[in-house]
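Listed below are the residues making up each chain.
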Amino acid sequence: MKSKKLESGGTPKVATKRIVGFIVAVVLIALFTLIPPFEGLTEPGMASIGVFLAAIVLFVCQVAPLAVSCLTLMVLLPYFNITTLNQIFADFGGTSFFFVFFCFGVTGALSNTTIPMRISAWITKVSKGNPKTLVFGFLFIATLMSGFLSNFGTLIMFYGIIFMFLKSAGLKPGESRLGKCLMIGLPFACGNGGFISPAGSPGNLIAQSLLQAQGVDVSFLQWFVMCLPFALIMCLLVSISLILIFKPEAMPTEAQQAVFAEKDKLGPMEGKEKKAIIIIIVTILLWFAGTWVKALNTTVVAGCAFFLMFMPGIDLMDWKSYVREADWNLLM
């Protein structure tokens, strides 16, 4: 009986949080709909603030699945005269949605290769077991890769890399100070990396389009040059902070050899890995070329790379794998 109760509604504490979150969300929408508009705002503008705050509460309290909360609030917007239903779905299917859709495919294809394990072995070799170099090396690579791939997808891929690394090195999860540095640092690294380029995050594309609407055109290269130094500085600060707090242990020689042995089992790089690397490098180069060739739109280039992943003779991804690995909550 107890297990059924947990399955249907979770623990009493979680259920209470969800109920309270729902009530607070409804109150926020009602409050901003009924009170007189602030100076400079219209009634629809006030209602949009209420819906926005309600969305945050629904997300934080996990009242419903993220995608369900998003879609429900979307279809409610016309009732507050914020916008029309046709406009909602026109905006919903914008370039940001399809860019994220495509990037999940590219990131998923990369994670399905042996490249993550090879990255782990390469960082181990360069660091020579030095824990400080290991921490910075993993976070630095994660930062760079998330600048051009899906942040969430890169995070999941690197969690897989770290799990393989810790397992190969014989380091116990929850006990290894080095493991704590890596597992805590990865979300920070991928978040920082998301600012490196317009392709790093759907929010960047939205910001870029809003700037263009105001007559400010920021190219892919300009964005990269401006944001890369800040991302690298943050990566360095996060690495130093984690090292000072947890004081990661040195990696024994036997553990290093174990990682190298796992890598040696993979053998030489196969055609599948080479195809993935070529497609990703060409995609990034075309994004930079879009600075001068306007036809090379960021989303269009990502879509072409996504299509190539499924092409006969390449077959880096199949639809069932994509559906399983894509984060539909984030897409919504």
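Structural data are supplied above this passage.
Here's a quick rundown of the structure. Here the structure is a predicted model, which means the values were calculated and not measured. (Residues numbered from 1 in each chain as written. Predicted model: local features only at pLDDT ≥ 70, side-chain atom pairs only at ≥ 80, totals over all residues. Heavy atoms only, no water.)

## A word on the pattern of salt bridges
Proximity of charged atoms lets side chains of opposite charge pair with each other. The following threshold applies: Here, a salt bridge means any side-chain nitrogen of Lys or Arg that lies within 4 Å of a carboxyl oxygen of Asp or Glu. To qualify as a helix, a DSSP run of H or I must reach at least 4 residues; to qualify as a strand, a run of E must reach at least 2; elements of each kind are numbered from the N terminus. Exposure categories follow from relative accessible area, calculated using a 1.4 Å probe and restricted to protein chains: below 20% of the type maximum is buried, above 50% is exposed, and the middle band is partly exposed.
One pass over the structure, following the stated rule, counts one salt bridge. Note that Asp217 is salt-bridged to Lys294, the shortest N-O span being 3.5 Å. With Asp217 in the loop between helix H11 (202-213) and helix H12 (220-246) and Lys294 in the loop between helix H14 (271-289) and helix H15 (298-309), the pair connects residues that are 77 residues apart, well separated along the chain. Since its relative accessible area comes to 46%, Asp217 is described here as partly exposed. A residue is classified by how much of its surface remains accessible, and Lys294, at 57% relative accessible area, is exposed.

## Description of the nonpolar core
Selection criterion: By convention a nonpolar core is built from buried Ala, Val, Leu, Ile, Met, Phe, Trp, Tyr and Cys residues, the set being connected through side-chain atoms within 4.5 Å. The contact definition used throughout considers only heavy atoms, calling two residues in contact when any of these lie within 4.5 Å.
Membership of the largest hydrophobic core comes to 69 residues, with the highest contact counts inside it found for Phe138, Leu139, Met145, Phe158, Phe165, Trp287 and Tyr322. Per-element tally for this core: the top contributor is helix H6 (residues 95-111), with 10 residues. Among all residues touching Leu139, those that are not within four sequence positions of it are Leu182, Gly185, Leu186, Ala189, Cys235, Val238, Ser239 and Leu242. Residues Leu28, Ala54, Met74 and Ile88 belong to the second largest nonpolar core, which totals 16 residues.

## Quick look at helix H10 (residues 177-193)
This is how it is decided: Here a helix's expected span is defined as the number of its residues, less one, multiplied by 1.5 Å. Here the bend at a residue is taken as the angle between two axes, fitted respectively to the seven residues that end there and the seven that start there. By the criterion applied in these results, polar contacts are pairs of N or O atoms within 3.5 Å in which, for protein atoms, one can donate a hydrogen and the other can accept it, and in which residues neighboring in sequence qualify only through two side-chain atoms.
Taking 1.5 Å per residue, 17 residues should reach 24 Å; H10 reaches 24 Å between its end C-alpha atoms and fits that length. For H10, the principal kink sits at Gly185 and spans about 35 degrees; a proline, Pro187, occurs within the next four residues. Contacts made by the buried residues of H10 are with helix H8 (131-146), helix H9 (151-169) and H12. By the N-cap criterion, in which a side-chain oxygen at the helix start approaches the backbone nitrogen of a residue two or three places on, H10 is capped by Ser176, the distance to Leu178 being 3.3 Å.

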